[in-house]
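Here is how the chains run, residue by residue.
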Amino acid sequence: MNSYKVAVIGGGAAGLVAAGRCAETGTKTLLLEKNKYLGRKIGITGKGRCNLTTSIASIEDIIAQYPGNGRFLYSAFSQFSNLDTIDFFNSLGLKTVTERGQRVFPASDRARDVVKALEKYAKSSGCEIRPESPVTGISRLPVSGFKITTAKGPIEVEKAILAVGGASYPGTGSTGDGYAWARKMGHTIVPIRPALVPLETSETWVRDLQGLSLRNVKVWLSDSDNILGSEFGEMLFTHFGVSGPVILTLSRIAAAELEKGKQPLIHIDLKPALSPETLDRRIQRDFKKYQRKIIQNALVDLLPQALIPVVLENAEIEREKATHSITREERQSLVETLKDLKLTVSGTRPLSEAIVTAGGVATNEINPRTMESKIISGLYFAGEIIDIDGNTGGFNLQAAFSTGYVAGANAADK
Ligand SMILES: Cc1cc2nc3c(=O)[nH]c(=O)nc-3n(C[C@H](O)[C@H](O)[C@H](O)COP(=O)(O)OP(=O)(O)OC[C@H]3O[C@@H](n4cnc5c(N)ncnc54)[C@H](O)[C@@H]3O)c2cc1C
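Residues numbered from 1 in each chain as written. Predicted model: local features only at pLDDT ≥ 70, side-chain atom pairs only at ≥ 80, totals over all residues. Heavy atoms only, no water.

A.B. asks: Tell me what's going on with a nonpolar patch on the surface, and back it up with residues and numbers.
C.D. replies: A cluster of nonpolar side chains, namely I44, Y169 and I355, defines an oily patch on the protein surface of about 260 Å² accessible area. Looking at Y169, the relative accessible area reads 35%, which means it is partly exposed. (Patch = residues over 30% accessible without salt bridge, like charges linked within 9 Å, V, L, I, M, F, W, Y side chains within 5 Å. Areas by Shrake-Rupley, 256 points an atom, 1.4 Å probe, with all protein chains shown as cover. Salt bridge = Lys/Arg side-chain N within 4 Å of Asp/Glu carboxyl O. Buried < 20%, exposed > 50% of the residue type's maximum accessible area, 1.4 Å probe, protein only.)

In structure tokens form, the structure reads like this:
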């Protein structure tokens, strides 16, 4: 028997906050992390910059950014909000900046600095951190408490916080280990599936655009009759289809349609600031300027080079055609294509490539005020293992920080 009261399993965003919060109350706390280094997933967030939270002021508005069980987070956010998160990191010496879309980043632009700050917090709280300690199982002891199985032998504790994350980007250590443990202890696991995931398309021309990022575009999804969702912002072409913030946000709707056996359409308005009439006038000016050139070379002021052949093909205009001989109908078709470039969604990328895992431990089996299991006393959950998922914009890390804080505070000696 060892002397730890609380074991936190998983040294990611939720686990580090939970361990630090628990230990700073004087509770003997042990943090077990599979990897040699803590917070590997945090290190790759926000393209290595880590969009750690949002600066949106109202809890209601923040909750609206969680299509997956946002209501469950109400109490956790009341106890440790996004503004508390900013203060928390600032007090650890990490300066933050707020960017477009109320996204908060470390001023250094380095996600690793967020990990360093969290490590500093956990260590200074007196928590013992054991890296390279993969947990292989957890079970209840006969009277109370838990036996945690590790490669280096079993550990017995009074309380356990499961913060092993979801199942996406398994290379970071989050391999979905916690679901089987929770299920074995009586919890329902809502089927896991990719959320915020890139989309595959039937059209193969996307490959020619691989790496091209479009800013300030309007993108919407439709089935044959209805608009299913619409976003404005940045998107990216890849070798398999499309990605980037607006696509990731729309991916939930696309995935639901695919599940119904449908293939929704992606529509891209490449010039959302211009009405069709204004765009047509603009094109006519360009045509005049480049009247001696072929059409392919007459669109250079309007579009990125790589996009020109794709747009012309979709508008059914011969690339080599002389600009002065483009017909009115062809120009009309060009305007229509620029305002509505279409792609067919054929699938989502796999869970391993999703930014977040939707599904997980059912929220109705967890006390939202404490993060304690309603089924097993002394067992707590924090972070992505829970069936919650948010949009891009710092919401997923915030959920991990808030639930980690609440789990740590409540597992601690009172
Ligand atoms: C590419 C990418 C970019 C992202 N960008 C953002 C962003 O900018 N903003 C944002 O809010 N969210 C972002 N996210 C989502 C965010 O990173 C996660 O939601 C968040 O890290 C979840 O925190 P967590 O602590 O629950 O899990 P994790 O951070 O995944 O931590 C879980 C930890 O548990 C450990 N572990 C797993 N199994 C075991 C075991 N058996 N024994 C011991 N330890 C174990 C893992 O090694 C890992 O360290 C991004 C995700 C990805 C993949």
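A.B. asks: Give me the lowdown on the packing of helix α1 (residues 13–23) against helix α6 (residues 111–124), citing residues and values where you can.
C.D. replies: At a minimum axis separation of 7 Å, α1 and α6 run at an interaxial angle of 25 degrees. Here α6 runs roughly parallel to α1, going by the angle between their axes. When you trace α1 past α6, the crossing you get is left-handed. For the pair formed by α1 and α6, the contact residues are L16, V17, G20 and R21 on the first element and L118, Y121 and A122 on the second. (Axes fitted to C-alpha atoms, helices over the stretch in contact; angles between N-to-C directions. Helix = DSSP H or I, 4+ residues; strand = E, 2+ residues; numbered from the N terminus. Parallel < 35°, antiparallel > 145°, perpendicular 65-115°, else oblique. Left-handed = near helix turned anticlockwise from the far one by under 90°. Contact = heavy atoms within 4.5 Å.)

A.B. asks: Any chance you could break down the nonpolar core for me, citing the residues and the numbers?
C.D. replies: Of all hydrophobic cores here, the largest spans 84 residues; its most connected members are F89, L118, I138, I161, L379, F381 and F401. In this view, I161 contacts V6, A7, V8, I9, A18, Y380, A382, A407, G408 and A411; residues no more than four positions away in its chain are not counted. Formed by 42 residues, the second largest nonpolar core is a distinct cluster that contains V206, L221, I266 and L343. (Core = buried A, V, L, I, M, F, W, Y, C linked by side-chain atoms within 4.5 Å.)

A.B. asks: How would you summarise the sheet that holds strand β3 (residues 53–54) if you had to cite specific residues and measurements?
C.D. replies: Strands sit in the order β3-β5-β4 across an open sheet of three strands; the sheet is antiparallel. Edge positions in the sheet fall to β3 and β4 (96–99), since each of these pairs with one other strand and no more. Across two bridges, β3 lies against strand β5 (residues 103–106) in antiparallel orientation. Considered in β5, the bridge of T53 is made with V104. (Pairing = 2+ DSSP bridges.)

A.B. asks: Can you break down the site of the ligand residue by residue, with the values?
C.D. replies: Around the ligand lies a shell of 34 residues, among which E33, S174, D177, E384 and L397 are the nearest. The contact in question runs from an oxygen atom of the ligand to an N or O atom on the side chain of N35, over 3.3 Å. Here a nitrogen atom of the ligand sits 2.9 Å away from a polar atom, N or O, in the main chain of V135. A total of 1000 Å² of accessible area belongs to the ligand in isolation, and the protein chains cover 95% of it. Elements with a minimum of two residues in the shell around the ligand: α1, α2 (40–44), α7 (177–184) and α12 (395–411). Looking at which element gives the most residues to the shell around the ligand, the answer is α12, with four residues. (Near = heavy atom within 4 Å. Polar contact = N/O pair within 3.5 Å; in protein donor to acceptor, adjacent residues only side chain to side chain.)

The values reported here are purely geometric and, on their own, carry no functional implication.
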